[in-house]
Structure formats: C-alpha cells, structure tokens
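One-letter residues, chain by chain:
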Amino acid sequence: MKKKSYKEIPTGGTITSPGNSLSYETGSWKSYRPVRDKSKCTNCLLCFVFCPENCIKVKEGKVQDADLNYCKGCGLCASECPFKAITMKLEEECEL
Ligand code: SF4
Ligand code: SF4
C-alpha cells in the first residue's frame, strides 16, 4: 500500500477557538499532585516558568498553589524547584 503524503492526511490538533483549553479540565488525569511547603518557598517563580500547563499563577509577585483543575501532575515544578519546596504526593494520600 502506498503511503500518503502529509498533504493527504487529515489535519490534527486544530485550535478553532483561542483559549478553548480552559474548557478541558485535565486535572482529573493526574495520579500525583504538587504540594508546596510555603515555609521553604522563596517565590523565585521557577515553578511558574516551568509549568507546561500554566496552572501556577503569580499574584503580586508571589506564586499561588497550582490550580488542580488543570495540573497534570507531571512533577516538573517539583524537580525544578531549587529549594525543594514542592513535593509530589499520591492523589489518594491527599485530602479530597
Ligand atoms: S520554584 Fe520553589 S521556591 Fe521557587 S517559587 Fe516555586 S515553589 Fe517557591
Ligand atoms: S505538576 Fe506539572 S502541571 Fe502540575 S503544577 Fe507542577 S509543573 Fe504544572
């Protein structure tokens, strides 16, 4: 069978409406969640920079806890935090 060229295959990953990712609360996929120890956090903002989901917000120069509705539990924030202020905890070990 002849392989199709890229021009013949269906278009994927189309964003039809900017900002529509807000409609998809992907937080239910995660098995781990980031828990920040505020006493260790220096507000260096590295977790905010590295979070691929943009679910860590900054308010008046200080990071807020991750929005768990969109956090996928990837652990990047915890691995990049230079002060070990974020621990990834199993979802079932956290309060609901
Ligand atoms: S990377 Fe760590 S120390 Fe820096 S703002 Fe985030 S939690 Fe706080
Ligand atoms: S675990 Fe991943 S998605 Fe969740 S806040 Fe940290 S970097 Fe963002």
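A. Structural context of the overall build of the chain. The helix and strand tally for the chain stands at two helices and four strands. Listing the helices and strands of the chain from first to last along the sequence gives β-α-β-β-α-β. Its C-alpha atoms give the chain a radius of gyration of 18 Å, more than 25% over the compact-globule value 12 Å for 96 residues. In terms of overall dimensions, the chain has C-alpha extents of about 60 × 30 × 25 Å along its principal axes. For the chain, with 96 residues in total, the buried portion stands at 25%. Taking the intrachain contacts of the chain between residues at least 6 apart in sequence as the baseline, contacts between residues at least 24 apart amount to 67%.

B. Structural detail: the nonpolar core. Counting 14 residues, the largest nonpolar core has Cys47, Cys55, Ile56, Val63, Cys77 and Ile86 as its most contacted members. With sequence-adjacent residues up to four places away left out, Cys55 is seen in contact with Asp65, Ala66, Asp67, Tyr70 and Cys71.

C. Quick peek at the site of ligand 1. Inspection of the region around ligand 1 gives 13 residues, with Cys41, Cys44, Leu45, Cys47 and Cys81 positioned closest. Here the residues of the shell around ligand 1 are counted per class, giving ten nonpolar, two polar and one charged.

D. Structural view of a nonpolar patch on the surface. Residues Leu46, Phe48, Val49, Phe50, Val58 and Leu76 make up a contiguous nonpolar surface patch of roughly 440 Å² in combined accessible area. With four residues, helix α1 (residues 46-50) is the single largest residue contributor to the nonpolar patch. Owing to a relative accessible area of 56%, Val49 belongs among the exposed residues under this scheme.

E. Fine view of the pattern of salt bridges. Counted according to the given criterion, the structure contains four salt bridges. With its nearest N and O atoms 3.2 Å apart, the salt bridge here joins Arg36 to Asp65. Linking Arg36 in strand β1 (residues 32-36) with Asp65 in the loop between β3 (62-63) and α2 (76-80), this pair joins segments that are 29 residues apart in sequence. For Asp65, a relative accessible area of 44% translates into the label partly exposed. Counted as one network, the salt bridges with shared partners bring together Arg36, Lys38 and Asp65.

F. Expanded view of the environment of Glu80. With respect to the helices and strands, Glu80 occurs in helix α2. A relative accessible area of 30% places Glu80 in the partly exposed class. Look past the residues within four positions of Glu80 in its chain and what remains in contact with it is Leu46 and Phe50.

What counts and how
Residues numbered from 1 in each chain as written. Chains lettered and ligands numbered in written order. Predicted model: local features only at pLDDT ≥ 70, side-chain atom pairs only at ≥ 80, totals over all residues. Heavy atoms only, no water. Helix = DSSP H or I, 4+ residues; strand = E, 2+ residues; numbered from the N terminus. Rg over C-alpha atoms; globule rule 2.2 N^0.38 Å. Buried < 20%, exposed > 50% of the residue type's maximum accessible area, 1.4 Å probe, protein only. Contact = heavy atoms within 4.5 Å. Core = buried A, V, L, I, M, F, W, Y, C linked by side-chain atoms within 4.5 Å. Near = heavy atom within 4 Å. Nonpolar A, V, L, I, M, F, W, Y, C, P; charged D, E, K, R; others polar. Patch = residues over 30% accessible without salt bridge, like charges linked within 9 Å, V, L, I, M, F, W, Y side chains within 5 Å. Areas by Shrake-Rupley, 256 points an atom, 1.4 Å probe, with all protein chains shown as cover. Salt bridge = Lys/Arg side-chain N within 4 Å of Asp/Glu carboxyl O.

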